[in-house]
Amino acid sequence: MDKYNNKETIKNTSFWSTFFDVTKDGKSKFSYRMKRWILVIGIHLLFFLSFFIDLQILEGTLSGSRFLGFHMIDPYMTMEVFLATFHMPINIIIGTTTIVIVYLLVGGRSYCSWVCPYGILSEIGEKWHNTLVNKKIIKSRKFDNRVRHIFWAIFLILSFTSGFIVFETINVVGILSRMMAYGWSLALIWVLVVFLMEVFFSRRAWCTYICPIGTTYGYIGKVSALRIEWNDSCDSCMVCHDVCFEPQVLEITKAKYKKQIDEKDITNAYITGADCTLCGRCVDVCHEDALKFDFRLKSLV
């Protein structure tokens, strides 16, 4: 994408062009989307190779794994297991603690954009959905994204009352992760159903309104160190809103806040919304370079 000359956005440009950015001096480089896809594919290639040829680097799935012998357990899975069994093995405690510390540093919901395999499918579905909306074949439907907190609680309550980790039976992230590590199963049909729901009914519905894993990482991400930083070179063009997975986190970029920003002489601010996935799409499209990644604890370091 050539954001400096054309103000291209991910929504209204060709899909493959979004994997490359054109710099001010005309050079091409990988966009954050390309970097994210490479990382997600690389992680699951390691899962596959560790099982298929006993590579023993990254073993297991995203629900629970070992990286070079270190346990890593999904925090939401941990809560489900404890509420279902009232038991907490030491390896789960260690694995969950490791993951929480990591995401306190790199940003909680970065899991959704930099690790989750369904994120790639969701981005493809998003492009198809936007194309159908633009051609007036379907309508764009949006709901209150706070409903995710209700789903988060419901699945935990179901684990507590049933003694079974209910969410894992419909968890498209876990299904895909297990499929790529161990081989496909009929559960892939459910993944297809969710994908088609996002294409024809509501953009990124699973990630935005349902998935409790992303919600959990959002709680962690609220206080995480790595954030997107905004500066006052922003011209409120709203291009970042056009591409953002969770546009509600970019309120400060709206023109209606310009007067308040000027009065308070705000020149820099961090995007601290818990829903931010740190995907970097806003950075990819900002022609004023008003958005960038920043480590907000760097002054202490």
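This report concerns the structure included in the present document. Predicted model only: the values in this text are computed from it and were never measured.

It is worth spelling out the sheet that holds strand 7 (residues 268–271) at this point. If you trace the 3 strands from one edge of the open sheet to the other, you get 7-6-8, paired in antiparallel fashion. If you trace the sheet from one side to the other, it starts and ends with strand 7 and strand 8 (291–295), each paired once. Adjacent strand axes in the sheet meet at a mean angle of 40 degrees when their direction is disregarded. Alignment of strand 6 (residues 226–231) against strand 8, held across 5 bridges, turns out to be antiparallel. When the bridges of strand 8 are listed, Glu 229 appears paired with Lys 292.

This part covers the packing of helix 2 (residues 32–52) against helix 6 (residues 118–134). With their axes 10 Å apart at the nearest point, helix 2 and helix 6 run at an angle of 140 degrees to one another. On the basis of their axis angle, the class for helix 2 and helix 6 is oblique. The segment helix 2 lies against helix 6, with Arg 33, Arg 36, Trp 37, Val 40 and Ile 41 engaging Ile 120, Glu 123, Ile 124 and Glu 126. Among the residues making up the contact of helix 2 with helix 6, the classes are represented as 5 nonpolar, no polar and 4 charged.

Another aspect to go through is the packing of aromatic side chains. Enumeration over the complete set of coordinates arrives at 24 aromatic pairs. Look at Tyr 32 and Trp 114: their rings are 6.4 Å apart centre to centre, the planes differ by 80 degrees, and that puts the pair in the edge-to-face class. In this pair, Tyr 32 is assigned in helix 2 and Trp 114 in helix 5 (residues 110–114), connecting sequence segments 82 residues apart. Its relative accessible area of 23% is what places Tyr 32 among the partly exposed residues.

Here we take up the nonpolar core. In this structure, Tyr 111, Tyr 118, Val 173 and Trp 206 are the most contacted members of the largest nonpolar core, which totals 37 residues. Beyond its immediate sequence surroundings of up to four residues, Val 173 is in contact with Leu 62, Tyr 111, Cys 116, Pro 117, Tyr 118, Trp 206 and Ile 213. If you look at the next biggest cluster of nonpolar residues, it comprises 17 residues, including Cys 234, Cys 240, Ile 261 and Leu 278.

What counts and what doesn't
- Residues numbered from 1 in each chain as written.
- Predicted model: local features only at pLDDT ≥ 70, side-chain atom pairs only at ≥ 80, totals over all residues.
- Heavy atoms only, no water.
- Pairing = 2+ DSSP bridges.
- Helix = DSSP H or I, 4+ residues; strand = E, 2+ residues; numbered from the N terminus.
- Axes fitted to C-alpha atoms, helices over the stretch in contact; angles between N-to-C directions.
- Parallel < 35°, antiparallel > 145°, perpendicular 65-115°, else oblique.
- Contact = heavy atoms within 4.5 Å.
- Nonpolar A, V, L, I, M, F, W, Y, C, P; charged D, E, K, R; others polar.
- Phe/Tyr/Trp six-rings, centres within 6.5 Å; stacked < 30°, edge-to-face > 60°.
- Buried < 20%, exposed > 50% of the residue type's maximum accessible area, 1.4 Å probe, protein only.
- Core = buried A, V, L, I, M, F, W, Y, C linked by side-chain atoms within 4.5 Å.

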